[in-house]
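# Architecture and fold: a report
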There are 4 protein chains.
Amino acid sequence: MSARPFLKITAPLNGLLAAVGLVTVAALTAREIGSTTRLSLELVLAAIWAVYVLQLVDTLIRRRATDDRGLTPELVIDLMAVVVPLIGFLLAGSPDQGLYCGIWLLKPLRHFTFFRMLGRVVARAAPNLVGVTSVFGIVLFGASLIAYLIERDVQPDKFGSIPLAMWWAVTTLSTTGYGDEIPMTFAGRVLAGLVMMSGIGIFALWAGILATGFFEEVRRQDFVRNWQLVAAVPLFQKLGSAAFVEIVRALRPRVVPAGAIICRKGEAGDQMFFIVEGRVSIQTPSPIPVELGPGSFFGEMALMTGEPRSATVSAVTEVSLLSLYSEDFQMLSSSNPEIADVIRRTAEERRGGAGQG
Amino acid sequence: MSARPFLKITAPLNGLLAAVGLVTVAALTAREIGSTTRLSLELVLAAIWAVYVLQLVDTLIRRRATDDRGLTPELVIDLMAVVVPLIGFLLAGSPDQGLYCGIWLLKPLRHFTFFRMLGRVVARAAPNLVGVTSVFGIVLFGASLIAYLIERDVQPDKFGSIPLAMWWAVTTLSTTGYGDEIPMTFAGRVLAGLVMMSGIGIFALWAGILATGFFEEVRRQDFVRNWQLVAAVPLFQKLGSAAFVEIVRALRPRVVPAGAIICRKGEAGDQMFFIVEGRVSIQTPSPIPVELGPGSFFGEMALMTGEPRSATVSAVTEVSLLSLYSEDFQMLSSSNPEIADVIRRTAEERRGGAGQG
Amino acid sequence: MSARPFLKITAPLNGLLAAVGLVTVAALTAREIGSTTRLSLELVLAAIWAVYVLQLVDTLIRRRATDDRGLTPELVIDLMAVVVPLIGFLLAGSPDQGLYCGIWLLKPLRHFTFFRMLGRVVARAAPNLVGVTSVFGIVLFGASLIAYLIERDVQPDKFGSIPLAMWWAVTTLSTTGYGDEIPMTFAGRVLAGLVMMSGIGIFALWAGILATGFFEEVRRQDFVRNWQLVAAVPLFQKLGSAAFVEIVRALRPRVVPAGAIICRKGEAGDQMFFIVEGRVSIQTPSPIPVELGPGSFFGEMALMTGEPRSATVSAVTEVSLLSLYSEDFQMLSSSNPEIADVIRRTAEERRGGAGQG
Amino acid sequence: MSARPFLKITAPLNGLLAAVGLVTVAALTAREIGSTTRLSLELVLAAIWAVYVLQLVDTLIRRRATDDRGLTPELVIDLMAVVVPLIGFLLAGSPDQGLYCGIWLLKPLRHFTFFRMLGRVVARAAPNLVGVTSVFGIVLFGASLIAYLIERDVQPDKFGSIPLAMWWAVTTLSTTGYGDEIPMTFAGRVLAGLVMMSGIGIFALWAGILATGFFEEVRRQDFVRNWQLVAAVPLFQKLGSAAFVEIVRALRPRVVPAGAIICRKGEAGDQMFFIVEGRVSIQTPSPIPVELGPGSFFGEMALMTGEPRSATVSAVTEVSLLSLYSEDFQMLSSSNPEIADVIRRTAEERRGGAGQG
């Protein structure tokens, strides 16, 4: 837990450092730069390299603390970011030394949770993606072969072999269309039209497969998020079994517009709430209302005691909530005596405390 | 409420004005226009500017009426639409004065609810969109670096530095393909093919993420629309608590084909209906049937009294309905005595009235 | 109903005729064709025109039979397909006469149900599509304005006015990339890269909105299809009220792999089945089994009498079914005495008949 | 079943062979290769051809074993892969002999289940895909006709006939943009802009339709996968009727994070689990825990006997599970006495066995 705030700070900083480094690498390859500019650019690279050495040391220390072993991707990236430019400096000639810093391209992969998500989506959709790529390959080769047969006599310099025709085919199938190789015959142009349409179709397949994959992944992540929300409630932390999953399954989503009252003081409480998105305001006896944001929960006393609500809660912004109904919870309790025990004990402890439910 | 009809008129008018203004700005930059044409075009700009001054005044008056404070985006846009061209007129030289009216580009952002929706979709999908953009950047830099290494000796004028190679890479990765920089070596062309395929893949990722985002947003908006439909029923307006949310959750969607009978006079009524889309016709004793459109509701008497339907209702067009079943409603009433009270009183009041249920 | 088989034959024929006609129109514009070829091509056009006159007559006759009034889209298309080429023949000079047959482009719109579906999807997604198109326009104008400012001094012939710059912008934003106008300055190329990425983003938005629209439409069509399946059961045709909708809602989808047994002779029957897709085989006492395809239903006796299944039914192909459970049906009957009446009478009638249930 | 492991080995090998063969075909068309290289390339082709002869023989033997008749697609592909190059060798002249091996392009179609899935998605979406292709054709012809009218006088060599204009239109509508034909007039450029936007729209339609199709197909495949999971449980294999489908329908999905405990020794067991993805660990009395992977099931004793869990099971990785609740199962048993019988007998048999439930 203690490493997370630090990580949150360094993720954008890390991205910025890598971006600056790569821009410097790019600038170093320009011919018109003077030797002073070159020197200062090289100093920038050296400075970034020094930061990366520190980062590697930090990673190694944290690894020892958490007793990890083996090469994690994080460690590999941190190691390469330090070692590869060093090798470049020692072995390569002067103008190309900077290029070895291109390895810093991998640095952003270290933090983003997106890359892990993308990995899961791609891994799950892999058979379909491989399939579409095969279709791409088959159409590519087929189109090249036919274009070669059609155009080889008309434009021997551009379609005189299948590899040459394949350059035209990939340019056309991806709808890039450089325009350096264009079929001249009527049959060749009809083929080109069909290849362009196939390109769009293959593109659409890719998009369709990835859209489906993302949709499924987002739904899975919702479940994991709900799990984390439930896991944050002290009451439920004492449970450690399948009943926990049941509670997560029993959550029901709800969107409340800004300004709506979610529960009223004195009402019978039949549910507790988890805030997924947005903010709610709790009217306490003190003049300044308390606000709760994403990840918070309220109304949990009602689940255990069935007492009326002790405060009015209203939505400050549009709020996305998850409700846990007392019926669902009681049903779970009746079949899992463990839950009932935990509730009775917690309710007794908290009766004197400051619950909002 | 009083401002809405006015707004509905000005939204397309506003778009039209901005479009005319921008076309005028564009026309003014053409060199071949004569001085008479130039003058008349400038008069058009002046006229539109005058309308925008009026609109700014109107916005300020309405703001005072509704007691808003601070800079709303609407006010900022209205202010800039007036002030920026004025600055241009005072400070800039003659040929470029008109360009300052380019700020009117922002005017359409003032009205469309679409931009707010787009904002929400993008905000929610932001981590993924940032992630894909990072992938774009990484592939872009990586491709530039490799293309530079491969092609720099063959085409030093086109691939002689990473920034030059990057221009080729962005043109290829986005499958735009200007054709001004084309790899000549075999390795360069294989790289180009891979870059084109990556481009299509990144494009598909973007599409997949946004499709998922839009789907989720449309589902959310359905909930908000249902909320508004329920909020328009006088009976429910007397409720102001969580019970309201429960009613919204209890609604069940249904599509009825054109011509189908939705409920028959004399039948037992077990549900009330909200019209989401399409039109229904109510057969009243008078010869001309009453038609109801989106946002209307009918059959609400059945919820309270359980009396038989007082009229036959049929679908004029394909109709999308939401049903509130009396079982659901009674279940809610039994747990919320507040609802039961409201119902009894309303039913007594309306017994002599002209309900359609 | 009698017109449908005729329509099914003419829809592809119609498409073929239009395609042949349009290819002929295209061929007529080629310069190198001789006068004999020209004459024969013109005869083809005349022949197709004659067929279209017959089709117009047929449409008019069918209209009288069904007592339609007003201009249906079908009639407008048929009229224009005849009248426009006639006007061309009478008024236009010789080489361009054939072009008027280009109106036959509209002929395919006459039949495809796809165009109606597309219309509904587009109509429902209209606000979002208009919104994205506005974004397209705003980015287009903004990019043109900035490109004009950046490049006007470097390439006055290509970026010397906003309309010229706009041609570059639309070519780039749509990732078409003709390559006739290319920014030369560094700032211009950075702008071009951003415009390409915006183009991909706008494209992805469009795809996302339309994907969501299609998904919703497919779900709606499922409901309408279920409605039609239920409406084809004689038993249910005697119902004509909201109960009908309830039956449709009570259907539950199921996919059965090829070869699986759906119900067994002598088993207690608790549901009836509608075939959405695929084929089932009913083992009758006779050696040749009866096969049922999409739109058929079986097991309806079980709904009414609760008697055991009279035959074994198995899936020949993978079958997509809808089940109506007797519990659901009985629940509906108990609240709608009308249904119960219809059932009792039908069951008595059919007891001597050949039900499969 | 016995052929499957063999198939799994040959699928990638087959793809590799075809890829090597096609690259060789492509290389043979290059002009600069010497006669030694040519000979060795031809030997590679001959070797691959020999492997394909063996594969054909294997397919024929397996066919005899399984008593298949008629031309399956697999057999057709295997036959053509052998016969077509043979014909090429016998009939064609020397330089083009290798091209006949291009037929090996079809080899990958033989194995991938993706192609069957793609076939189903395309078949189901066929009306919509045909519709969009019609829209493509209509826009293509319409744009060509208008471009011809606008540009024929300005650029007679490029837009002098509709077929010439059509080449421009297909290049633009697919956003390929070779840049060899570009409208020069103002009207022509406005048209080009509209055609590009239509191209993006049609593209988005295609993507939307295919995304919807893939989503539906993935959901169908989930059902089939669940069917297979249930079919693998010995207990259920004794059932062969509609009850089987009911069991599949009663499964409820669940995702459990890595490390979570799924069930605990001594707890009351109310469900059995099927593993869809990921791995679980069962703590047995022996020190080494047993791990189960996708396709396994556990906890089935609880369904029959209601006895407490005999072992603790925890998730090793994130696990995707399907639960069958004993309530659901008991409900099914009560209506299908057949199930109850099977359970009683199986439970008695297994009481002495090593169930994990």
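Residues numbered from 1 in each chain as written. Chains lettered and ligands numbered in written order. Predicted model: local features only at pLDDT ≥ 70, side-chain atom pairs only at ≥ 80, totals over all residues. Heavy atoms only, no water.

### Points about the environment of Gly201(C)
All names here are of chain C.
- Following the sequence through the fold, Gly201 ends up in helix 8 (residues 186-231).
- Classification of Gly201 by relative accessible area gives buried; the value is 17%.
- When the C-alpha positions of Gly201 and Ala47 are compared, they lie 48 Å apart, and in sequence the two are 154 residues distant. (Helix = DSSP H or I, 4+ residues; strand = E, 2+ residues; numbered from the N terminus. Buried < 20%, exposed > 50% of the residue type's maximum accessible area, 1.4 Å probe, protein only.)

### Here we look at a nonpolar patch on the surface
- A contiguous nonpolar patch, built from Leu79(A), Val83(A), Leu86(A), Ile87(A), Phe89(A), Leu90(A) and Leu91(A) and spanning about 680 Å² of accessible area, is present on the exposed surface.
- One can find Leu90(A) in helix 3 (residues 73-91). (Patch = residues over 30% accessible without salt bridge, like charges linked within 9 Å, V, L, I, M, F, W, Y side chains within 5 Å. Areas by Shrake-Rupley, 256 points an atom, 1.4 Å probe, with all protein chains shown as cover. Salt bridge = Lys/Arg side-chain N within 4 Å of Asp/Glu carboxyl O.)

### What to know about the side chain of Thr171(D)
- Structurally, the position occupied by Thr171(D) is in helix 7 (residues 162-173).
- Here Thr171(D) is in contact with Met196(A), Thr176(D), Gly177(D) and Tyr178(D), once residues within four sequence places are set aside. (Contact = heavy atoms within 4.5 Å.)

### Considerations on the sheet that holds strand 2 (residues 261-263) of chain D
Residue and element names in this part refer to chain D.
- Taking strand neighbours across the sheet as the criterion, the 4 strands line up as 2-7-4-5 in an open arrangement whose pairing is antiparallel. In this open sheet, the two strands that pair with only one neighbour each are strand 2 and strand 5 (290-292). Pairs of neighbouring strands in the sheet enclose a mean axial angle of 30 degrees, with direction left out of account.
- In this structure, strand 4 (residues 280-283) lies alongside strand 5, joined through 3 bridges in antiparallel fashion. From the neighbouring strand, Ile282 faces strand 5, where its bridge partner is Val290. (Pairing = 2+ DSSP bridges. Axes fitted to C-alpha atoms, helices over the stretch in contact; angles between N-to-C directions.)

### A few points about the packing of aromatic side chains
- Considering all chains together, one arrives at 28 aromatic pairs over all chains under this definition.
- On the numbers, 5.2 Å between centres and 80 degrees between planes, the contact of Tyr52(C) with Trp104(C) is edge-to-face. With Tyr52(C) in helix 2 (residues 35-66) and Trp104(C) in the loop between helix 3 (73-91) and helix 4 (113-124), this residue pair connects regions lying 52 residues apart in the sequence.
- Seen from their ring centres, Phe215(C) and Phe215(D) are 5.2 Å apart, and the 80 degrees between their planes marks the pair as edge-to-face. (Phe/Tyr/Trp six-rings, centres within 6.5 Å; stacked < 30°, edge-to-face > 60°.)

### What to know about the sheet that holds strand 8 (residues 319-325) of chain C
Residues and elements named next belong to chain C.
- Ordered in space as 1-8-3-6, the 4 strands form an open sheet in which the pairing is antiparallel. Of all the strands in the sheet, just strand 1 (252-256) and strand 6 (297-298) have a single pairing partner and so form its edges.
- The pairing of strand 1 with strand 8 spans 5 bridges and is classified as antiparallel. Within strand 8, the position partnered with Pro253 by the bridge is Leu322.

### Considerations on the confidence of the model for chain A
Residues and elements named next belong to chain A.
- Of the residues in chain A, 80% reach a pLDDT of 70 or more, and the chain-wide mean stands at 79.
- The least confident element of chain A, judged by mean pLDDT, is helix 13 (residues 337-350) at 63; the most confident is helix 7 (residues 162-173) at 92.
- Ignoring residues within four places in sequence, the model shows residues 1-9, a span with pLDDT below 50, making 4 contacts including any to other chains.
- Every residue in residues 352-357 scores below 50 in pLDDT, and together they form 18 contacts with partners more than four places removed in sequence or on other chains. (pLDDT = per-residue confidence, 0-100.)

### Thoughts on the relation of the copies chain A and chain B
- Structural alignment of chain A on chain B gives an RMSD of 0.1 Å, achieved by rotating through 90 degrees and translating 0.0 Å along the axis. Each copy turns onto its partner about a four-fold axis.
- A distinct binding surface is used by each copy, with only 17% of the interface residues of chain A retained as interface residues in chain B. (Least-squares fit on C-alpha atoms with pLDDT ≥ 70 in both.)

### Remarks on helix 3 of chain C
Residue and element names in this part refer to chain C.
- Here helix 3 is 19 residues long and its end C-alpha atoms lie 26 Å apart, about the 27 Å a rise of 1.5 Å per residue gives.
- At Met80, helix 3 shows its maximal kink, close to 25 degrees.
- Residues of helix 3 that are buried include every one of Leu75, Ile77, Asp78, Ala81, Val82, Pro85 and Gly88, and no others. (Expected span 1.5 Å × (residues − 1). Bend = angle between axes of the 7 residues up to and from the residue.)

### What to know about the interface of chain A and chain B
- Of the residues lining the interface, 54 residues belong to chain A; the matching set on chain B comes to 58 residues.
- Summing both sides of the interface, chain A and chain B together bury roughly 4,700 Å²; the carbon and sulfur share of this comes to 68%.
- Together, Trp167(A), Tyr178(A) and Phe203(A) form the three largest contributors to the area buried by chain A at its contact with chain B, with a combined 14%.
- Where Glu181(A) meets Arg189(B), a salt bridge forms, and the shortest distance between an N and an O atom there is 3.8 Å.
- The tally of links from chain A across to chain B stands at 3 residue pairs in polar contact (both at pLDDT 80 or more).
- Here the element with the most residues in the side of chain A that touches chain B is helix 8 (residues 186-231) of chain A; it accounts for 8 residues. (Buried area = accessible area lost by both parts, 1.4 Å probe. Polar contact = N/O pair within 3.5 Å; in protein donor to acceptor, adjacent residues only side chain to side chain.)

### A short note on the pattern of salt bridges
- Tallied over the full model, the rule gives 20 salt bridges over all chains.
- The salt bridge partner of Arg189(B) is Asp180(A), with a shortest N-O separation of 3.9 Å. Of this pair, Arg189(B) sits in helix 7 (residues 186-231) while Asp180(A) sits in the loop between helix 7 and helix 8, placing the two residues on different chains.
- A relative accessible area of 18% means that Arg189(B) is categorised as buried.
- Across the salt bridge formed by Glu291(D) and Arg279(D), the nearest N and O atoms sit 2.8 Å from each other. Of this pair, Glu291(D) sits in strand 5 while Arg279(D) is found in the loop between strand 3 (271-277) and strand 4, placing the two residues 12 residues apart along the sequence.

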